[in-house]
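Chain by chain, the residues run as shown.
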Protein chains: 2
Amino acid sequence: MPGSAASPPDHHDHAACVSGAMARIEHLCTQKGMRLTPLRRRVMEALAQSHVPLGAYELVDRLGAAGERPPPMSVYRVLDFLVTEGLAHRIESRNAFLACGHAHDKDEVVVFLICEQCGDTREVRSHAVGRDLSWAARAEGFEPRQRVLEIAGRCARCRE
Amino acid sequence: MPGSAASPPDHHDHAACVSGAMARIEHLCTQKGMRLTPLRRRVMEALAQSHVPLGAYELVDRLGAAGERPPPMSVYRVLDFLVTEGLAHRIESRNAFLACGHAHDKDEVVVFLICEQCGDTREVRSHAVGRDLSWAARAEGFEPRQRVLEIAGRCARCRE
DNA sequence: GCATCTGATGAAACAATGTAGCAATGCCCG
DNA sequence: CGGGCATTGCTACATTGTTTCATCAGATGC
(Lines give C-alpha, C1' and ligand atoms only; values in the text may rest on other atoms or scores of the structure.)
Protein backbone atom coordinates (compact mmCIF):
# COMPACT_ATOMS: atom_id res chain seq x y z
CA MET A 1 0.00 0.00 0.00
CA PRO A 2 2.92 2.39 -0.30
CA GLY A 3 3.18 5.27 -2.70
CA SER A 4 -0.48 6.12 -2.73
CA ALA A 5 0.58 9.75 -2.44
CA ALA A 6 1.11 10.92 -5.98
CA SER A 7 2.42 14.38 -5.23
CA PRO A 8 3.56 15.32 -1.76
CA PRO A 9 2.37 18.82 -0.99
CA ASP A 10 5.35 21.14 -0.80
CA HIS A 11 3.50 24.36 -1.11
CA HIS A 12 4.32 26.05 2.12
CA ASP A 13 7.19 26.61 4.47
CA HIS A 14 7.77 23.39 6.35
CA ALA A 15 10.50 25.06 8.35
CA ALA A 16 7.81 26.75 10.40
CA CYS A 17 6.04 23.45 11.05
CA VAL A 18 9.29 21.79 12.04
CA SER A 19 10.47 24.56 14.34
CA GLY A 20 7.05 24.72 15.91
CA ALA A 21 6.97 21.01 16.50
CA MET A 22 10.47 21.02 17.94
CA ALA A 23 9.59 23.89 20.24
CA ARG A 24 6.60 21.92 21.46
CA ILE A 25 8.51 18.74 22.12
CA GLU A 26 11.32 20.61 23.86
CA HIS A 27 8.91 22.45 26.05
CA LEU A 28 7.00 19.30 26.92
CA CYS A 29 10.14 17.31 27.73
CA THR A 30 11.49 20.07 29.93
CA GLN A 31 8.20 20.46 31.68
CA LYS A 32 7.63 16.76 32.37
CA GLY A 33 11.25 15.85 32.96
CA MET A 34 11.44 13.54 29.96
CA ARG A 35 14.47 13.12 27.79
CA LEU A 36 14.63 14.57 24.33
CA THR A 37 17.13 12.12 22.90
CA PRO A 38 18.79 12.45 19.49
CA LEU A 39 16.60 9.73 18.04
CA ARG A 40 13.43 11.30 19.34
CA ARG A 41 14.54 14.58 17.87
CA ARG A 42 15.29 13.04 14.50
CA VAL A 43 11.98 11.19 14.34
CA MET A 44 10.02 14.26 15.38
CA GLU A 45 11.79 16.36 12.76
CA ALA A 46 11.19 13.85 10.02
CA LEU A 47 7.53 13.57 10.95
CA ALA A 48 7.02 17.30 11.20
CA GLN A 49 8.51 17.83 7.76
CA SER A 50 5.74 15.79 6.23
CA HIS A 51 2.06 16.48 6.10
CA VAL A 52 1.67 13.05 4.61
CA PRO A 53 1.46 10.30 7.22
CA LEU A 54 4.67 8.28 7.29
CA GLY A 55 4.93 4.58 7.98
CA ALA A 56 7.40 3.36 10.57
CA TYR A 57 9.65 1.77 7.98
CA GLU A 58 9.43 4.81 5.78
CA LEU A 59 10.76 6.80 8.73
CA VAL A 60 13.54 4.27 9.17
CA ASP A 61 14.47 4.74 5.53
CA ARG A 62 14.39 8.53 5.71
CA LEU A 63 16.49 8.66 8.82
CA GLY A 64 18.85 6.16 7.27
CA ALA A 65 19.24 8.33 4.19
CA ALA A 66 20.07 11.37 6.29
CA GLY A 67 22.41 9.70 8.76
CA GLU A 68 22.64 6.53 10.73
CA ARG A 69 19.87 4.05 10.08
CA PRO A 70 18.05 3.23 13.29
CA PRO A 71 16.60 -0.22 13.89
CA PRO A 72 12.84 -0.39 13.30
CA MET A 73 12.17 -1.32 16.89
CA SER A 74 13.71 1.91 18.14
CA VAL A 75 11.61 3.92 15.76
CA TYR A 76 8.47 2.16 16.93
CA ARG A 77 9.37 2.97 20.49
CA VAL A 78 9.89 6.61 19.70
CA LEU A 79 6.59 6.66 17.86
CA ASP A 80 4.85 5.16 20.87
CA PHE A 81 6.41 7.89 22.95
CA LEU A 82 5.29 10.63 20.59
CA VAL A 83 1.77 9.31 20.33
CA THR A 84 1.47 8.85 24.08
CA GLU A 85 2.63 12.40 24.64
CA GLY A 86 0.23 13.77 22.07
CA LEU A 87 3.01 14.89 19.74
CA ALA A 88 1.92 12.61 16.95
CA HIS A 89 -1.12 10.68 15.83
CA ARG A 90 -1.48 7.24 14.42
CA ILE A 91 -3.50 7.11 11.22
CA GLU A 92 -5.12 3.71 11.48
CA SER A 93 -6.39 3.47 7.95
CA ARG A 94 -2.84 3.94 6.68
CA ASN A 95 -0.72 2.27 9.32
CA ALA A 96 1.19 5.51 9.48
CA PHE A 97 1.96 8.43 11.72
CA LEU A 98 1.44 12.16 11.52
CA ALA A 99 3.08 14.89 13.54
CA CYS A 100 0.70 16.92 15.63
CA GLY A 101 1.53 20.56 15.82
CA HIS A 102 -0.84 21.71 18.50
CA ALA A 103 -1.99 20.64 21.92
CA HIS A 104 -5.35 18.97 22.27
CA ASP A 105 -7.85 19.41 25.01
CA LYS A 106 -8.36 16.22 26.91
CA ASP A 107 -11.68 15.22 25.42
CA GLU A 108 -11.36 17.13 22.21
CA VAL A 109 -12.46 15.32 19.09
CA VAL A 110 -10.26 15.48 16.03
CA VAL A 111 -11.09 14.33 12.53
CA PHE A 112 -8.39 13.56 9.98
CA LEU A 113 -9.00 14.52 6.38
CA ILE A 114 -6.75 12.36 4.21
CA CYS A 115 -6.35 13.23 0.55
CA GLU A 116 -6.25 10.07 -1.52
CA GLN A 117 -4.48 11.89 -4.31
CA CYS A 118 -1.62 13.78 -2.67
CA GLY A 119 -1.68 12.17 0.75
CA ASP A 120 -1.89 15.48 2.54
CA THR A 121 -3.61 14.99 5.87
CA ARG A 122 -5.13 17.65 8.03
CA GLU A 123 -6.60 17.68 11.47
CA VAL A 124 -9.97 19.25 11.93
CA ARG A 125 -11.60 19.90 15.26
CA SER A 126 -15.31 19.69 15.58
CA HIS A 127 -17.31 20.18 18.71
CA ALA A 128 -20.43 19.16 16.87
CA VAL A 129 -19.02 15.81 15.79
CA GLY A 130 -17.77 15.16 19.29
CA ARG A 131 -21.12 15.90 20.79
CA ASP A 132 -23.00 13.74 18.29
CA LEU A 133 -20.61 10.84 18.70
CA SER A 134 -20.87 10.98 22.46
CA TRP A 135 -24.59 11.04 22.20
CA ALA A 136 -24.70 8.09 19.80
CA ALA A 137 -22.37 6.08 22.01
CA ARG A 138 -24.20 6.84 25.22
CA ALA A 139 -27.49 5.90 23.60
CA GLU A 140 -26.01 2.39 23.31
CA GLY A 141 -24.74 2.39 26.87
CA PHE A 142 -21.23 2.59 25.45
CA GLU A 143 -18.45 4.40 27.25
CA PRO A 144 -16.13 5.85 24.62
CA ARG A 145 -12.41 6.09 25.27
CA GLN A 146 -10.58 6.53 22.01
CA ARG A 147 -11.85 7.77 18.70
CA VAL A 148 -10.57 6.94 15.23
CA LEU A 149 -12.12 9.41 12.83
CA GLU A 150 -10.52 9.36 9.41
CA ILE A 151 -12.06 10.56 6.21
CA ALA A 152 -10.48 9.79 2.87
CA GLY A 153 -11.28 11.92 -0.13
CA ARG A 154 -9.87 14.76 -2.19
CA CYS A 155 -8.37 17.87 -0.66
CA ALA A 156 -9.11 21.37 -1.83
CA ARG A 157 -5.93 21.76 -3.88
CA CYS A 158 -6.29 18.45 -5.67
CA ARG A 159 -9.77 19.52 -6.74
CA GLU A 160 -8.11 22.55 -8.36
CA MET B 1 -2.44 -7.56 19.25
CA PRO B 2 -4.38 -10.81 19.38
CA GLY B 3 -6.59 -11.90 22.20
CA SER B 4 -7.71 -8.45 23.20
CA ALA B 5 -11.17 -9.90 23.49
CA ALA B 6 -11.38 -11.32 26.98
CA SER B 7 -14.84 -12.80 26.75
CA PRO B 8 -16.56 -13.22 23.41
CA PRO B 9 -20.16 -12.26 23.78
CA ASP B 10 -22.31 -15.33 23.37
CA HIS B 11 -25.43 -13.94 24.92
CA HIS B 12 -27.85 -14.17 22.07
CA ASP B 13 -28.83 -16.46 19.27
CA HIS B 14 -26.18 -16.23 16.62
CA ALA B 15 -28.17 -18.58 14.44
CA ALA B 16 -30.46 -15.71 13.60
CA CYS B 17 -27.52 -13.47 12.65
CA VAL B 18 -26.03 -16.22 10.50
CA SER B 19 -29.22 -17.12 8.72
CA GLY B 20 -29.97 -13.46 8.13
CA ALA B 21 -26.52 -12.85 6.70
CA MET B 22 -26.75 -15.92 4.49
CA ALA B 23 -30.14 -14.83 3.23
CA ARG B 24 -28.69 -11.46 2.35
CA ILE B 25 -25.71 -12.81 0.50
CA GLU B 26 -27.84 -15.34 -1.36
CA HIS B 27 -30.28 -12.71 -2.41
CA LEU B 28 -27.56 -10.34 -3.50
CA CYS B 29 -25.70 -12.96 -5.50
CA THR B 30 -28.86 -14.06 -7.25
CA GLN B 31 -29.85 -10.51 -7.99
CA LYS B 32 -26.47 -9.44 -9.37
CA GLY B 33 -25.59 -12.72 -11.06
CA MET B 34 -22.57 -13.34 -8.83
CA ARG B 35 -21.47 -16.72 -7.64
CA LEU B 36 -21.98 -17.80 -4.08
CA THR B 37 -19.14 -20.29 -3.94
CA PRO B 38 -18.50 -22.70 -1.06
CA LEU B 39 -15.59 -20.61 0.19
CA ARG B 40 -17.61 -17.42 0.13
CA ARG B 41 -20.32 -19.17 2.01
CA ARG B 42 -17.94 -20.51 4.63
CA VAL B 43 -16.27 -17.13 5.17
CA MET B 44 -19.58 -15.34 5.41
CA GLU B 45 -20.87 -17.87 7.93
CA ALA B 46 -17.75 -17.64 10.05
CA LEU B 47 -17.90 -13.86 10.03
CA ALA B 48 -21.59 -13.71 10.80
CA GLN B 49 -21.14 -16.00 13.78
CA SER B 50 -18.91 -13.47 15.43
CA HIS B 51 -19.72 -10.02 16.66
CA VAL B 52 -16.03 -9.61 17.33
CA PRO B 53 -14.09 -8.49 14.28
CA LEU B 54 -11.99 -11.35 12.91
CA GLY B 55 -8.59 -11.05 11.31
CA ALA B 56 -7.97 -12.71 7.98
CA TYR B 57 -5.65 -15.31 9.45
CA GLU B 58 -8.02 -15.92 12.31
CA LEU B 59 -10.64 -16.75 9.70
CA VAL B 60 -8.19 -19.06 7.99
CA ASP B 61 -7.67 -20.86 11.29
CA ARG B 62 -11.35 -21.14 12.05
CA LEU B 63 -12.19 -22.48 8.63
CA GLY B 64 -9.26 -24.84 8.91
CA ALA B 65 -10.54 -26.15 12.23
CA ALA B 66 -13.97 -26.80 10.78
CA GLY B 67 -12.91 -28.32 7.48
CA GLU B 68 -10.35 -27.79 4.80
CA ARG B 69 -7.93 -24.98 5.52
CA PRO B 70 -8.06 -22.39 2.75
CA PRO B 71 -4.96 -20.47 1.72
CA PRO B 72 -4.82 -16.94 3.17
CA MET B 73 -4.89 -15.42 -0.27
CA SER B 74 -8.24 -16.96 -1.01
CA VAL B 75 -9.67 -15.66 2.22
CA TYR B 76 -8.40 -12.17 1.45
CA ARG B 77 -10.07 -12.34 -1.93
CA VAL B 78 -13.35 -13.38 -0.42
CA LEU B 79 -13.07 -10.61 2.15
CA ASP B 80 -12.48 -8.09 -0.63
CA PHE B 81 -15.56 -9.41 -2.31
CA LEU B 82 -17.67 -9.17 0.83
CA VAL B 83 -16.49 -5.66 1.65
CA THR B 84 -17.02 -4.48 -1.92
CA GLU B 85 -20.54 -5.85 -1.89
CA GLY B 86 -21.30 -4.28 1.46
CA LEU B 87 -21.67 -7.61 3.21
CA ALA B 88 -18.80 -6.96 5.58
CA HIS B 89 -16.80 -4.05 6.92
CA ARG B 90 -13.13 -3.66 7.52
CA ILE B 91 -12.30 -2.43 10.99
CA GLU B 92 -9.17 -0.41 10.36
CA SER B 93 -8.08 0.01 13.93
CA ARG B 94 -8.04 -3.76 14.33
CA ASN B 95 -7.01 -5.00 10.91
CA ALA B 96 -10.06 -7.17 11.07
CA PHE B 97 -13.43 -7.73 9.48
CA LEU B 98 -16.99 -7.69 10.68
CA ALA B 99 -20.07 -9.11 9.03
CA CYS B 100 -22.68 -6.56 8.14
CA GLY B 101 -26.21 -7.72 8.62
CA HIS B 102 -28.12 -4.93 6.99
CA ALA B 103 -28.01 -2.91 3.82
CA HIS B 104 -26.68 0.62 3.96
CA ASP B 105 -27.92 3.63 2.16
CA LYS B 106 -25.37 4.94 -0.26
CA ASP B 107 -24.21 7.92 1.75
CA GLU B 108 -25.19 6.61 5.13
CA VAL B 109 -22.70 7.17 7.91
CA VAL B 110 -21.94 4.30 10.24
CA VAL B 111 -19.96 4.40 13.46
CA PHE B 112 -18.44 1.28 14.98
CA LEU B 113 -18.47 0.92 18.73
CA ILE B 114 -15.70 -1.52 19.68
CA CYS B 115 -15.56 -2.85 23.22
CA GLU B 116 -11.96 -3.07 24.37
CA GLN B 117 -12.90 -5.63 26.97
CA CYS B 118 -15.01 -8.21 25.16
CA GLY B 119 -14.35 -7.19 21.58
CA ASP B 120 -18.03 -6.94 20.76
CA THR B 121 -18.50 -4.45 17.94
CA ARG B 122 -21.73 -2.78 16.96
CA GLU B 123 -22.70 -0.56 14.10
CA VAL B 124 -24.52 2.63 14.90
CA ARG B 125 -26.09 4.89 12.37
CA SER B 126 -26.17 8.60 12.96
CA HIS B 127 -27.53 11.21 10.66
CA ALA B 128 -26.23 13.92 12.94
CA VAL B 129 -22.65 12.66 12.78
CA GLY B 130 -22.86 12.38 9.03
CA ARG B 131 -24.15 15.89 8.68
CA ASP B 132 -21.53 17.39 10.97
CA LEU B 133 -18.69 15.48 9.31
CA SER B 134 -19.79 16.60 5.88
CA TRP B 135 -19.97 20.12 7.11
CA ALA B 136 -16.52 20.01 8.70
CA ALA B 137 -15.01 18.51 5.56
CA ARG B 138 -16.67 20.94 3.20
CA ALA B 139 -15.51 23.83 5.33
CA GLU B 140 -11.99 22.74 4.41
CA GLY B 141 -12.82 22.36 0.75
CA PHE B 142 -12.47 18.61 1.22
CA GLU B 143 -14.53 16.15 -0.77
CA PRO B 144 -15.14 13.11 1.42
CA ARG B 145 -15.35 9.67 -0.10
CA GLN B 146 -14.86 7.08 2.57
CA ARG B 147 -15.28 7.37 6.30
CA VAL B 148 -13.55 5.39 9.02
CA LEU B 149 -15.37 6.02 12.27
CA GLU B 150 -14.35 3.67 15.04
CA ILE B 151 -14.76 4.27 18.73
CA ALA B 152 -13.05 2.05 21.27
CA GLY B 153 -14.36 1.89 24.79
CA ARG B 154 -16.50 -0.27 27.04
CA CYS B 155 -19.81 -1.71 25.99
CA ALA B 156 -22.92 -1.67 28.11
CA ARG B 157 -22.60 -5.25 29.31
CA CYS B 158 -18.97 -4.93 30.29
CA ARG B 159 -19.89 -1.97 32.43
CA GLU B 160 -22.34 -4.28 34.23
C1' DG C 1 -21.00 -33.02 -26.56
C1' DC C 2 -17.06 -30.18 -26.95
C1' DA C 3 -14.06 -26.18 -27.24
C1' DT C 4 -13.59 -22.05 -25.13
C1' DC C 5 -13.81 -18.17 -22.14
C1' DT C 6 -14.16 -16.17 -17.72
C1' DG C 7 -14.19 -15.85 -12.91
C1' DA C 8 -12.66 -18.19 -8.75
C1' DT C 9 -9.46 -20.90 -6.16
C1' DG C 10 -4.81 -23.23 -4.87
C1' DA C 11 -0.11 -22.73 -3.95
C1' DA C 12 4.35 -20.71 -2.83
C1' DA C 13 7.17 -17.03 -2.33
C1' DC C 14 7.55 -12.65 -0.86
C1' DA C 15 6.75 -7.83 1.11
C1' DA C 16 5.26 -4.86 4.77
C1' DT C 17 4.15 -4.07 9.41
C1' DG C 18 4.68 -4.86 14.24
C1' DT C 19 6.70 -7.36 18.77
C1' DA C 20 9.43 -10.06 22.20
C1' DG C 21 13.44 -10.60 24.74
C1' DC C 22 17.71 -9.51 26.18
C1' DA C 23 22.11 -7.04 26.12
C1' DA C 24 24.40 -2.70 26.12
C1' DT C 25 24.56 2.17 26.69
C1' DG C 26 23.94 6.59 28.65
C1' DC C 27 22.10 9.58 32.16
C1' DC C 28 20.59 11.01 36.76
C1' DC C 29 21.20 10.96 41.52
C1' DG C 30 22.87 9.79 45.92
C1' DC D 1 31.89 6.64 41.45
C1' DG D 2 28.45 3.32 41.52
C1' DG D 3 23.70 1.79 41.41
C1' DG D 4 19.24 2.33 39.28
C1' DC D 5 16.53 3.52 35.46
C1' DA D 6 15.17 4.95 30.99
C1' DT D 7 16.64 4.47 26.35
C1' DT D 8 18.64 2.24 22.58
C1' DG D 9 20.71 -1.72 19.67
C1' DC D 10 20.15 -6.11 18.05
C1' DT D 11 18.20 -10.48 16.66
C1' DA D 12 14.75 -13.14 15.81
C1' DC D 13 10.17 -13.65 15.20
C1' DA D 14 4.95 -12.91 14.59
C1' DT D 15 1.35 -10.95 12.06
C1' DT D 16 -0.72 -8.96 8.07
C1' DG D 17 -1.08 -8.43 3.22
C1' DT D 18 0.47 -8.99 -1.88
C1' DT D 19 2.43 -10.87 -6.29
C1' DT D 20 2.54 -14.35 -9.52
C1' DC D 21 1.34 -18.21 -11.89
C1' DA D 22 -1.08 -22.48 -12.35
C1' DT D 23 -5.37 -24.86 -11.91
C1' DC D 24 -10.23 -25.58 -11.63
C1' DA D 25 -15.23 -24.99 -12.17
C1' DG D 26 -19.10 -23.00 -14.34
C1' DA D 27 -21.14 -20.62 -18.21
C1' DT D 28 -21.46 -19.88 -23.19
C1' DG D 29 -21.47 -20.72 -28.01
C1' DC D 30 -21.36 -23.94 -31.67
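Residues numbered from 1 in each chain as written. Chains lettered and ligands numbered in written order. Predicted model: local features only at pLDDT ≥ 70, side-chain atom pairs only at ≥ 80, totals over all residues. Heavy atoms only, no water.

What the six strands build is an open sheet, ordered 4(A)-3(A)-5(A)-5(B)-3(B)-4(B); its pairing is mixed. Whereas interior strands pair on both sides, the edge strands pair on one side only; in this sheet they are strand 4 (121-125) of chain A together with strand 4 (121-125) of chain B. Strand-to-strand twist of the sheet, defined as the mean angle between neighbouring strand axes without regard to direction, takes the value 25°. Along the sheet face, helix 5 (residues 127-139) of chain A touches strand 3 (110-115), strand 4 and strand 5 (143-154) of chain A together with strand 3 (110-115), strand 4 and strand 5 (143-154) of chain B and points at about 130° away from the line of strand 5 of chain A. (Pairing = 2+ DSSP bridges. Helix = DSSP H or I, 4+ residues; strand = E, 2+ residues; numbered from the N terminus. Axes fitted to C-alpha atoms, helices over the stretch in contact; angles between N-to-C directions. Contact = heavy atoms within 4.5 Å.)

Moving on: unusual backbone geometry. Residues and elements named next belong to chain B. In the Ramachandran plot, N95 falls in the positive-phi region, its phi being about 50° despite a non-glycine side chain. Relative to the helices and strands, N95 is located in the loop between strand 1 (88-91) and strand 2 (96-99). Residue class for N95 comes out partly exposed when judged on its relative accessible area of 37%. The backbone of E160 shows a phi angle near 75°, a positive value even though the residue is not glycine. Note that E160 resides in the segment after strand 5. (Buried < 20%, exposed > 50% of the residue type's maximum accessible area, 1.4 Å probe, protein only.)

As a further point, take the pairing of strand 4 of chain B. Each regular strand shows side chains that alternate between the opposite faces of the sheet. Residue and element names in this part refer to chain B. Bridge analysis of strand 3 against strand 4 gives five bridges, and the strand direction is antiparallel. From the neighbouring strand, F112 faces strand 4, where its bridge partner is E123. Between strand 3 and strand 4, which pair antiparallel in sequence order, lie five residues; one of them, G119, sits at a positive phi of approximately 85°.

Residue and element names in this part refer to chain A. On the surface, a nonpolar cluster with roughly 320 Å² of combined accessible area is contributed by Y57, M73 and Y76. If you trace the backbone, Y57 turns up in helix 3 (residues 56-66). For Y57, a relative accessible area of 48% translates into the label partly exposed. (Patch = residues over 30% accessible without salt bridge, like charges linked within 9 Å, V, L, I, M, F, W, Y side chains within 5 Å. Areas by Shrake-Rupley, 256 points an atom, 1.4 Å probe, with all protein chains shown as cover. Salt bridge = Lys/Arg side-chain N within 4 Å of Asp/Glu carboxyl O.)

This part is about the interface of chain A and chain B. Counting residues at the interface gives 34 residues for chain A and 34 residues for chain B. Of all residues in chain A, E140, F142 and I151 of chain A bury the most surface against chain B, accounting for 20% of the area lost on that side. Linking chain A with chain B are six salt bridges. The salt bridge partner of R122 of chain B is E140 of chain A, with a shortest N-O separation of 3.0 Å. The tally of links from chain A across to chain B stands at 16 residue pairs in polar contact (both at pLDDT 80 or more). If one sorts the elements of the side of chain A that touches chain B by residue count, strand 5 of chain A sits on top with twelve residues. Taken together, the residues of the side of chain A that touches chain B break down into 18 nonpolar, five polar and eleven charged. With eleven bridges joining them, strand 5 of chain A and strand 5 of chain B adopt antiparallel strand pairing. (Buried area = accessible area lost by both parts, 1.4 Å probe. Polar contact = N/O pair within 3.5 Å; in protein donor to acceptor, adjacent residues only side chain to side chain. Nonpolar A, V, L, I, M, F, W, Y, C, P; charged D, E, K, R; others polar.)

What follows covers the relation of the copies chain A and chain B. With an axial shift of 0.0 Å and an RMSD of 0.1 Å, the rotation relating chain A to chain B amounts to 180°. The transformation just described matches what one would write down for a two-fold rotation axis. Closest to the rotation axis within chain A is the C-alpha of L149 of chain A, separated from it by 2.4 Å. Take the interface residues of chain A: 100% of them recur as interface residues in chain B, which is what a same-surface contact looks like. (Least-squares fit on C-alpha atoms with pLDDT ≥ 70 in both.)

Our next topic: the protein's contact with DNA strand C. Close to DNA strand C lie 15 residues; Y57, Y76 and R90 of chain A together with T37 and R77 of chain B are nearest. Near the protein, meaning within 4 Å, the atoms of DNA strand C are sugar or phosphate in a fraction of 46%, with bases accounting for the rest. The separation between a base nitrogen of DNA strand C and a polar side-chain atom of Y57 of chain A is 2.9 Å. Y76 of chain A places a side-chain nitrogen or oxygen 2.9 Å from a phosphate oxygen of DNA strand C. Contributing elements (two or more residues each) for the surface near DNA strand C: helix 4 (72-84) of chain A together with helix 2 (38-48) and helix 4 (72-84) of chain B. Tallied by class, residues from the surface near DNA strand C come to seven nonpolar, three polar and five charged. (Near = heavy atom within 4 Å.)

Pairing between strand 3 of chain A and strand 5 of chain A: four bridges, direction parallel. Bridge pairing in strand 5 of chain A places F112 of chain A opposite E150 of chain A.

A few words now on the protein's contact with DNA strand D. Taken together, 14 residues surround DNA strand D, and among them T37, R40 and R77 of chain A together with Y57 and R90 of chain B come closest. A share of 46% is what sugar and phosphate atoms reach among the atoms of DNA strand D within 4 Å of the protein. In this structure, a phosphate oxygen belonging to DNA strand D sits 2.3 Å away from a side-chain N or O atom of T37 of chain A. The contact in question runs from a phosphate oxygen of DNA strand D to an N or O atom on the side chain of R40 of chain A, over 2.9 Å. If you list the elements that add at least two residues to the surface near DNA strand D, you get helix 2 (38-48) and helix 4 of chain A together with helix 4 of chain B. The dominant element in the surface near DNA strand D, judged by the number of residues it contributes, is helix 4 of chain A, at four residues. Looking at the surface near DNA strand D residue by residue, the classes come out as seven nonpolar, three polar and four charged.

Any functional reading would require information beyond the geometric quantities listed.
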